[in-house]
Amino acid sequence: MNANHRCLIWMALILASAGLLFAPSLRFPFTWDDTAVVRDNPFIHRPAPAGLYFQPGYWRNLVPVSRSDYRPLQMLTLAAIARAGGRDPFCYRAANLLLHLLAVGLVFVLGRRLGTGEAASLLAAALFAFHPVHVETIVGARNISELMSSVLLLSALILFFPGGSKRARVLPLLLFAAALLYKESALILPPILAALILGRPGGIRDRRKALAATLPFWILAAAAGIAKLFLSSGAGPAGAIPAPHLAAGASRLMAASVRLLVFPARLKVLYHFPRPESWAQPVWFFSLAGAGLLAGILVSARRNRRLFSLLLALAASLLPSLYRLGTAGRVVAEQRLYLPSFFFCLAAAVLIRAAAGSSRRMVTIALLGWLLCLPLAGLTGSYLRAWRGELPLWSRVTTLSPRAGIAFNNLAIALFRDGDRESARRQWERALEVDPGLAEAHTNLGVLEGRENRWAEAADHFQDALDVEPFHRAAGVYLAQAWRRQGRYEAAEELLRGILAENPFHAEALNELAFILERTGGREEAENLYREAAALNPDYAAPLRHLAELHLQAGDFEPALEAGREAVDREPGHPQGYVTLADIYIAQGRLDEARNVLEAGESRHPGDWRIRSRRLALDSLSGE
């Protein structure tokens, strides 16, 4: 058996083992941001022009999460998967897992291209395949942007390094451009190229020539960086830390990221990253000490040019995460370590290969690889089980990161969805004890108070959310709703018009404003706003229900029926749609059709009190 056959067999074993390790995640439900970005995002589940995702207005006003991004190819890819699998998590997870396995193969190819040798390249691929820090990236459907961007960057690196004619550089540049449209952090490719060029064999002239070939990549990266600044200009205050603390904060973040790559135990998604107030606090000392240690390792590796260039590429790949330094909370994001782990795994393999020596090198590397990959796979399997649902995930995070307020907020959401309102309330209160400035927890507590018809208390929570985060539009809409419930129509209308002045595409704000105008005599404008809100979100049925009720009150039965039927078609999971449609039929004396609608609703929502009360009323009208 020749060397190529042995490599193929080893790679097949690595890929099959990694596939089996992550296979349980294929049936996990959507968690965290995936519910908003993927499951409930109407713009990927309904037909939409592809050009929509390339419009900056979509990313500023319509995208469900993170309005400072620009990732059109991410949404195009998610929309393509949605056409095949709808809202089934399996299709999204399968796509992510296949991309990860492709990345594993590309790590092996890149290692060989960089001259690390077959044994070290296989070891690097195995370390990358089983590393626990990849769990969030693979399980999170929305993280297909990270996976696609990384695969494209790996492919660009593989194609760049053979050298050759200028024409041969065009394809890597195109792959780089595509990676930028998946995720902005891909702009770090030129520094990575420069770092890897330093480890290439040859003289200074060859390296200078290779560095000159990276100029188009630098130009494209600069353009992408300017575009990122432009798109982030309306995203609200960044809350940057004081300039004197910037270097220490960056050192601390880099050290924390490397720690997760070297020792990936107790992974927890959310990492507390407070802002120290003075240089006397121990955290700064340990941050600078960690940075000094990393710098020492980098300097000591200079004798091994290949290892030095890989470590330099690792440091460069960590730079995009530094833009989050101004944010307290989840600064160390595991998904952002997917690209850096390429270079970490390659560097680790090169280091192990050097330590193995020349005697029986393949056997020694295989043994060390087995000893490393087995515990990595065990940690991955353990962490993966936490992602089987919202409750186990956030129970783990609150245990491991008790100072992360957003973790308690997310645990409360899971409990609320599970029907345990009192436990949810306690967790939201705990979230605010940990982080009094957490606007989302204030908003969610307000929603809970509103569900219990305590609108004054709800309004207080919504106002608290806006006090700490004026750009929190959901809290503004909820506050307008609470004021409307209290009869404060003018204040609610003023608030909603202010929200719509900032974002005219906010469907919930349009619906609430129309609801208020309907009650204050602005029937014509209300009708127009209901239609506009319904057109903005093809999955949003509330405006159509309200529009049907508006026409019913005016005796306009045909448009009422049209809106009522569409509301039920859009959201068959909401009982009120069946009740509204039945009311229209009852008003026309079409009792049999009303009964059919209520029976259809009762089959989907057995025991719902709204449908049951209409059935009783209908039976009394029919004399039954």
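Here is what the cut-offs are and how they apply
- Residues numbered from 1 in each chain as written.
- Predicted model: local features only at pLDDT ≥ 70, side-chain atom pairs only at ≥ 80, totals over all residues.
- Heavy atoms only, no water.
- Helix = DSSP H or I, 4+ residues; strand = E, 2+ residues; numbered from the N terminus.
- Buried < 20%, exposed > 50% of the residue type's maximum accessible area, 1.4 Å probe, protein only.
- Contact = heavy atoms within 4.5 Å.
- Areas by Shrake-Rupley, 256 points an atom, 1.4 Å probe, with all protein chains shown as cover.
- Lys, Arg positive; Asp, Glu negative; His and termini not counted.
- Salt bridge = Lys/Arg side-chain N within 4 Å of Asp/Glu carboxyl O.
- Axes fitted to C-alpha atoms, helices over the stretch in contact; angles between N-to-C directions.
- Parallel < 35°, antiparallel > 145°, perpendicular 65-115°, else oblique.
- Nonpolar A, V, L, I, M, F, W, Y, C, P; charged D, E, K, R; others polar.
- Patch = residues over 30% accessible without salt bridge, like charges linked within 9 Å, V, L, I, M, F, W, Y side chains within 5 Å.
- Charge placed at Lys NZ, Arg CZ, Asp CG, Glu CD.
- Disulfide = S-S within 2.5 Å.
- Expected span 1.5 Å × (residues − 1).
- pLDDT = per-residue confidence, 0-100.

### Describing the overall build of the protein chain
In terms of helices and strands, the protein chain carries 32 helices and 0 strands. Each of the 624 residues in the protein chain was classed as buried or not, and the buried ones make up 52%. Looking at the protein chain alone, contacts between residues at least 24 apart form 68% of all its contacts between residues at least 6 apart. On the protein chain, roughly 27900 Å² of surface is accessible, and the fraction owed to carbon and sulfur atoms is 60%.

### Things to note about the side chain of Asp-34
With respect to the element layout, Asp-34 can be found in helix H2 (residues 34-39). Although Asp-34 lies buried, it forms no salt bridge, and the closest oppositely charged side chain, Arg-93, sits 4.3 Å away as judged by the N-O distance. Residues contacting Asp-34, with those up to four places away along its chain left out, are Arg-39, Arg-93, Val-139, Gly-140, Ala-141 and Arg-142.

### Quick word on the packing of helix H5 (residues 72-85) against helix H10 (residues 170-182)
Viewed as axis vectors pointing N to C, H5 and H10 meet at an angle of 80°, and their least axial separation amounts to 5 Å. It follows from the interaxial angle that H5 and H10 lie roughly perpendicular. Mapping the contact onto sequence places Pro-72, Leu-73, Gln-74 and Thr-77 in H5 and Ala-178, Leu-181 and Tyr-182 in H10. In terms of residue class, the contact of H5 with H10 is made up of 5 nonpolar, 2 polar and no charged.

### Some remarks on a negative patch on the surface
A cluster of like negative charges, contributed by Asp-418, Asp-420, Glu-422 and Glu-429, occupies part of the molecular surface. Mapping Glu-422 onto the fold places it in helix H21 (residues 421-434). Judged by its relative accessible area of 44%, Glu-422 is partly exposed.

### Side note on the state of the cysteines
What makes a disulfide is a covalent bond joining the sulfur atoms belonging to two cysteines. This model, assessed by the stated rule, comprises 0 disulfides. In this structure Cys-373 is not part of a disulfide, and its nearest cysteine sulfur, from Cys-345, lies 8.8 Å away. Residue class for Cys-373 comes out buried when judged on its relative accessible area of 9%.

### Looking at helix H22 (residues 439-451)
Here H22 contains 13 residues, and its C-alpha end-to-end distance of 19 Å stays within 8% of the 18 Å for a straight helix at 1.5 Å per residue. Taken across its 13 residues, H22 has 11 buried, putting it largely inside the fold. Those residues of H22 not exposed but buried are Ala-439, Ala-441, His-442, Thr-443, Asn-444, Leu-445, Gly-446, Val-447, Leu-448, Glu-449 and Gly-450. In this fold, the buried residues of H22 make contact with helix H20 (405-417), H21, helix H23 (455-468) and helix H24 (473-485). Asn-453 lies just past H22 and shows a positive phi near 60°.

### Structural notes on a nonpolar patch on the surface
Taken together, the side chains of Leu-159, Val-170, Leu-171 and Leu-174 present a nonpolar region at the surface, about 350 Å² in accessible area. Per element, the largest residue contribution to the nonpolar patch is 3 residues, and it comes from H10. Mapped onto the elements of the fold, Leu-174 is located in helix H10. We classify Leu-174 as exposed; its relative accessible area is 54%.

### As for the confidence of the model for the protein chain
Chain-level statistics for the protein chain give a pLDDT mean of 81 and a share of 84% at 70 or above. Note on residues 234-238: pLDDT is under 50 here. Beyond four places in sequence and across chains, it has 5 contacts.

### What about the pattern of salt bridges?
For the structure shown, the criterion picks out 21 salt bridges. Note that Lys-183 and Glu-146 form a salt bridge whose closest N and O atoms lie 2.3 Å from each other. Separated by 37 residues along the polypeptide, Lys-183 in the loop between H10 and helix H11 (189-197) and Glu-146 in helix H9 (residues 144-160) bring together distant segments of the chain. Across the pair Glu-525 and Arg-497 runs a salt bridge, and its minimum N-O distance is 3.2 Å. In this pair, Glu-525 is assigned in helix H27 (residues 523-536) and Arg-497 in helix H25 (residues 489-502), connecting sequence segments 28 residues apart. The exposure class of Glu-525 is partly exposed, given its relative accessible area of 36%. Residues joined in a network through salt bridges with shared partners are Arg-425, Glu-449, Glu-452 and Arg-454.

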